[in-house]
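An overview of the molecular structure
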Amino acid sequence: MMQQDDRPVLRKAVTTTEGLRASGLVEAGDVAQLRAVADQFSIRLTPDVVDSIAVAGRADPIYAQYVPHRLELEAHDEELADPIGDDVYEKVKGITHRYPDRLLLKPTHTCQVYCRFCFRREKVGKAEEALSRDELDAALDYIRGHEEIFEVILSGGDPLVLSDRRIAALMTGLGDVAHVGSIRIHTRIPLVDPGRIGEDLIAALRSSRKAVSLVIHVNHERELGEPVRAAIARLVDAGIPLFSQSVLLRGINDDAAVLADLFRALVRNRVKPYYLHHLDKARGVNHFRVSVERGQALMRALRGYISGLCLPTYVLDIPGGHGKVPIGPSYITRREDGSYEVTDYLGNRHDYREIGEGGARAMAPAGREDIQN
């Protein structure tokens, strides 16, 4: 829609149940019940997302990811406010240091969209949780004081909701820390607000003079429309490697053909599928849940049938903050006699016997106890 002077009308994000109704995304009769959902969990859909839903209607896999549902009010005993244990490893505000050589830095808790299955859904959407200048300085001081930190992962919230100026300042600050070798940014922005990916933002991302990569969150091929593909291309052409993370979601992508289409489309657009997450035990998300057994069967169905470059690692974040582990199917079993039974991608079983371990032990690198401890 254009104004008479041909200037574009700036559309706002949908952030309320009334906005959902006005956009035609929910019926008037649903608004009262969905207000109870909105009282607990933030709502936000960008104009790009609303437009992508409008194309396909409510059966669309994008719709369920962003439009609230009454089932979010159902409580289950094992659901957690902090399902992956962020708070357990919070060292200073905004810093979660769980693994030895890397940590999360969360400068903001706001996003351009709020996924209905988010594992931080009880914290995101609160602008007051953003780090102040003093709190960000304290977070950077923590990173400077821990020389074991090789990688800083910017998360949140979505770090790319910050202004280009603030992103550049943050990247420059991290770039000045000698022992930081890698900066990884987790974001939905290229998928939900592709116009945000411009020259100024790219310049800000590159200002650290470090290895910088982006991990984009995408769950279905339908999310990769032409504007999104163009935004991805701008990043990759600027020398910023892209990886993807997806969440296995009931009714959205719990199908081998759907996953294959997604992963191939990502590789076609120069994005390496990185993680397929098993759904975390956040509150009110059980209607999205797929069993581990089903997830393993899907990964087994993909193995060998699509390129290895297209296959992410299927992972589970152990509740309580114990870390992320691969949970994909196993293809090898050790027998009592020390030999192995190996199953190929067609389901055929094969015998495998090692020549001996003497050579392997002799070739093992020495002096790497630090990796194990």
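Description of the structure in this document.

Reading the values: the criteria
- Residues numbered from 1 in each chain as written.
- Predicted model: local features only at pLDDT ≥ 70, side-chain atom pairs only at ≥ 80, totals over all residues.
- Heavy atoms only, no water.
- Axes fitted to C-alpha atoms, helices over the stretch in contact; angles between N-to-C directions.
- Helix = DSSP H or I, 4+ residues; strand = E, 2+ residues; numbered from the N terminus.
- Parallel < 35°, antiparallel > 145°, perpendicular 65-115°, else oblique.
- Left-handed = near helix turned anticlockwise from the far one by under 90°.
- Contact = heavy atoms within 4.5 Å.
- Nonpolar A, V, L, I, M, F, W, Y, C, P; charged D, E, K, R; others polar.
- Buried < 20%, exposed > 50% of the residue type's maximum accessible area, 1.4 Å probe, protein only.
- Pairing = 2+ DSSP bridges.

Moving on, we come to the packing of helix α10 (residues 256–268) against helix α11 (residues 292–302). Between α10 and α11, the shortest axis-to-axis distance is 9 Å and the interhelical angle comes to 60°. When the axis of α10 is compared with that of α11, the two are oblique. The interaxial crossing formed by α10 with α11 has right-handed handedness. Residue-level inspection shows Ala 256, Leu 259, Ala 260 and Phe 263 of α10 in contact with α11, the latter providing Leu 298, Ala 301 and Leu 302. Of the residues that constitute the contact of α10 with α11, the class distribution is 7 nonpolar, no polar and no charged.

This next bit is on unusual backbone geometry. Negative phi characterises most residues that are not glycine, and trans characterises most peptide bonds. That bond from Gly 156 to Gly 157 is cis: its omega, 15°, falls within 30 degrees of zero. Tracing the sequence through the fold places Gly 157 in the loop between β3 (151–154) and α6 (164–175). The backbone of Arg 209 sits at a positive phi, close to 65°, despite the residue not being glycine. Within the secondary structure layout, Arg 209 lies in the loop between α8 (199–205) and β5 (211–217). One non-glycine residue, Arg 270, adopts positive backbone phi at about 70°.

Okay, the pairing of strand β4 (residues 182–187) next. Of all 6 residues in β4, 6 are buried; the element is thus mostly enclosed. Burial along β4 is two-sided: the residues Ser 182, Arg 184 and His 186 and Ile 183, Ile 185 and Thr 187 are all buried. As paired strands, β3 and β4 are joined by 4 bridges and run parallel to one another. Counterpart to Leu 154 in the pairing with β4 is Ile 185. Alignment of β4 against β5, held across 6 bridges, turns out to be parallel. Each bridged residue has a counterpart across the sheet, and for Arg 184 the counterpart in β5 is Ser 213.

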